[in-house]
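Each chain is listed here by its residues.
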Amino acid sequence: MRFRHPDGSTVHLAYCTNVHPAETLDGVRAQLRDHCEPVRRRLGRDRLGIGLWLARDAARTLINDPAELRALRAELDSRGLEVVTLNGFPYEGFGSDEVKYRVYRPDWTEPDRLAHTTDLARLLAALLPDDATEGTISTLPLAWRTPYDGDPGAARTARAALTTLAQRLDALAELTGKSIRVGLEPEPGCTVETTADAIAPLTDVAHDRIGICVDTCHLATSFEDPGTALDALAAAGIRVVKSQLSAALHADHPHLPEVRTALAAFAEPRFLHQTRTRTAAGLRGTDDLDEAVTGRALPDSTPWRAHFHVPLHAPPAPPLTSTLPVLRDTLARLVGGAVPLTRHLEVETYTWQALPADLRPRTRTQLADGIAAELTLARDLLVDLGLKELP
């Protein structure tokens, strides 16, 4: 979906296909047929943006066979789908029964991460619509905090890898005329947990093609104030490459038994749901939700937030809610001003099938309806901010 900003530029809205995980190119094509095109039809649009997730094997197939890449581009066009952004965070196995800590490997100290992200940049340059010259890729925020934070050489290795990536992106732009930018995506528990944590490593790289991806669920889970966060990035000269529109799980009164019970329903075995609370002594947290709800690992006199991407249009029932207000505030700062701070927005609710059983979609139709409802909410927020939806 495309929108005209009051400054005349085009803002793109997509949804991320990591909600339909597939490891192979055949699986990606099935996503387009079974999920993405039906969502577009529900929205009544001739064209829908998707934030494509290409696992390692699917990406390598496309890199090694230009005919397959041309065929994928043609299929996107024929189904009324367009790609201006990729989710480069998960490397492989995102559809496994247990993902947890595996999603952070390989990290930016490992050669495979640089090689895969380079592949994604080359593919995105070929998949961009003919009238688009800019593409974006989100990636993991350097590494999970352990053992990275205890290794004095890790930061140097990651910085060298990102510098090499920036040089490759420069060469790609010169070769293709397509400008691809990559954004570190701060996430609780990682060495870059917050936008503030991103400033030093991105300043060290000091290249316009490497910036930040602001995920509004992660921002909220860490209790960051959107205005403060975005102002600090601007002051440091760090570009917001893209933003993922998502909402975290919020509990106002975690000391109450009924609130603990409600939260426990969201503790599940597939993904990590880092949980945080803000205290007078600073931010406190656990790596997963079950650690918080089953014991005394977290103070419970202040609200808790959990890294669980809940559907934008359907916050959980009381006594829980979502951090949709943080998304609204962030979006207003990102695209509600005289000039947009980013032009690539991506709804990223990948946890539909990890929701409590009574909230999960049971059919493809129900899932498509839910994704369409999320995109409708995001569209309405953009229109309310003065953007005009384009055909």
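The paragraphs below set out a description of the structure included in this document. Only a predicted model underlies this, so the values are computations on that prediction, with no experimental measurement involved.

1. Some words on the packing of aromatic side chains
Link 1 in the chain: Per the counting criterion, the structure on display carries eight aromatic pairs.
Link 2 in the chain: For the pair phenylalanine 266 and phenylalanine 308, a centre-to-centre distance of 5.2 Å together with 90° between the ring planes defines the contact as edge-to-face. Separated by 42 residues along the polypeptide, phenylalanine 266 in the loop between α10 (257-264) and β10 (275-279) and phenylalanine 308 in strand β12 (residues 304-310) bring together distant segments of the chain.
Link 3 in the chain: Taking relative accessible area as the criterion, phenylalanine 266 reaches 5% and is therefore assigned buried.

2. Here we look at the layout of surface pockets
Link 1 in the chain: By volume, the largest pocket is sized at about 190 Å³.
Link 2 in the chain: Considering the residues around the largest pocket, the lining is formed by Arg2, Ser9, Thr10, His12, Asp131, Ala132, Thr133, Glu134, Arg343 and His344.
Link 3 in the chain: Its residues assigned to classes, the lining of the largest pocket comprises one nonpolar, five polar and four charged.

3. Examining helix α1 (residues 25-43)
Link 1 in the chain: The terminal C-alpha atoms of α1 lie 26 Å apart, and with 19 residues this matches the ideal 27 Å at 1.5 Å per residue to within 8%.
Link 2 in the chain: Within α1, the axis deviates most sharply at leucine 32, by approximately 35°.
Link 3 in the chain: Of the residues one or two after α1, glycine 44 is the one with positive phi, at around 70°.

4. Notes on the packing of helix α9 (residues 226-235) against helix α12 (residues 324-335)
Geometrically, a packed helix pair is captured by the angle between its two axes and the distance between the axes.
Link 1 in the chain: Close contact between α9 and α12 brings their axes to 9 Å; oriented N to C, the two are set at 35°. Remark: the crossing between α9 and α12 carries right-handed chirality. Residues Pro226, Gly227, Leu230 and Asp231 of α9 lie in contact with α12, whose contacting residues are Val326, Asp329, Thr330, Arg333 and Leu334.
Link 2 in the chain: Partitioning the contact of α9 with α12 into residue classes produces four nonpolar, two polar and three charged.

5. Overview of empty space enclosed by the protein
Link 1 in the chain: The tally for this structure, following the rule as stated, stands at four cavities of 30 Å³ or more.
Link 2 in the chain: Each pocket or cavity is described by its volume, and for the largest cavity that value is around 170 Å³.
Link 3 in the chain: In this structure, the largest cavity is lined by 19 residues; those nearest its centre are Phe94, Val103, Glu187, His307 and Tyr350.
Link 4 in the chain: Grouping the constituent residues of the lining of the largest cavity by class yields nine nonpolar, five polar and five charged.
Link 5 in the chain: Forming the boundary of the second largest cavity are Pro186, Glu187, Glu193, Thr194, Thr195, Cys213, Val214, Asp215, His218, Leu219 and Glu224.
Link 6 in the chain: Only β7 (210-215) and α8 (216-221) provide two or more residues apiece to the lining of the second largest cavity.
Link 7 in the chain: With three residues, β7 is the largest single contributor of residues to the lining of the second largest cavity.
Link 8 in the chain: Looking at the lining of the second largest cavity residue by residue, the classes come out as four nonpolar, three polar and four charged.

6. What to know about the packing of helix α2 (residues 56-64) against helix α4 (residues 111-127)
Link 1 in the chain: Where α2 contacts α4, the axes come no closer than 10 Å and their chain directions differ by 55°. On the basis of the axis angle, α2 is oblique to α4. The crossing of α2 and α4 is left-handed. Residues Arg56, Ala59, Arg60, Leu62 and Ile63 of α2 pack against His116, Asp119, Leu120, Arg122 and Leu123 of α4.
Link 2 in the chain: Across the contact of α2 with α4, the residue classes break down as five nonpolar, one polar and four charged.

7. As for the nonpolar core
Link 1 in the chain: Core analysis: the biggest nonpolar cluster contains 114 residues, and Leu13, Tyr15, Trp108 and Leu375 have the highest contact counts within it.
Link 2 in the chain: Top contributing element to this core by residue count: helix α13 (residues 364-384), with nine residues.
Link 3 in the chain: In contact with tyrosine 15, other than residues within four places in its own chain, are His20, His35, Cys36, Val39, Leu48, Gly49, Ile50, Gly51, Glu346, Val347, Ile371 and Leu375.

8. Structural notes on the pairing of strand β2 (residues 10-16)
On a regular strand, each side chain points to the face opposite its neighbour's, so the side chains alternate between the two faces of the sheet.
Link 1 in the chain: Buried residues dominate β2, accounting for six of its seven residues.
Link 2 in the chain: Across three bridges, the pairing between strand β1 (residues 2-4) and β2 is antiparallel. Residue pairing for β2: phenylalanine 3 is matched across the bridge by valine 11.
Link 3 in the chain: When β2 meets strand β14 (residues 344-347), the two strands line up parallel, connected through four bridges. Following the sheet pairing, histidine 12 is matched in β14 by histidine 344.
Link 4 in the chain: As judged from the three bridges shared by β2 and strand β3 (residues 48-52), these two strands associate in the parallel manner. Each bridged residue has a counterpart across the sheet, and for tyrosine 15 the counterpart in β3 is isoleucine 50.

Cut-offs used in this document
- Residues numbered from 1 in each chain as written.
- Predicted model: local features only at pLDDT ≥ 70, side-chain atom pairs only at ≥ 80, totals over all residues.
- Heavy atoms only, no water.
- Phe/Tyr/Trp six-rings, centres within 6.5 Å; stacked < 30°, edge-to-face > 60°.
- Helix = DSSP H or I, 4+ residues; strand = E, 2+ residues; numbered from the N terminus.
- Buried < 20%, exposed > 50% of the residue type's maximum accessible area, 1.4 Å probe, protein only.
- 1 Å grid on protein atoms, 1.4 Å probe; cavity = no way out; pocket = protein on both sides within 12 Å on 5 of 7 lines; lining within 4 Å.
- Points joined across faces, edges and corners; volume = space filled by probe spheres on them.
- Nonpolar A, V, L, I, M, F, W, Y, C, P; charged D, E, K, R; others polar.
- Expected span 1.5 Å × (residues − 1).
- Bend = angle between axes of the 7 residues up to and from the residue.
- Axes fitted to C-alpha atoms, helices over the stretch in contact; angles between N-to-C directions.
- Left-handed = near helix turned anticlockwise from the far one by under 90°.
- Contact = heavy atoms within 4.5 Å.
- Parallel < 35°, antiparallel > 145°, perpendicular 65-115°, else oblique.
- Core = buried A, V, L, I, M, F, W, Y, C linked by side-chain atoms within 4.5 Å.
- Pairing = 2+ DSSP bridges.

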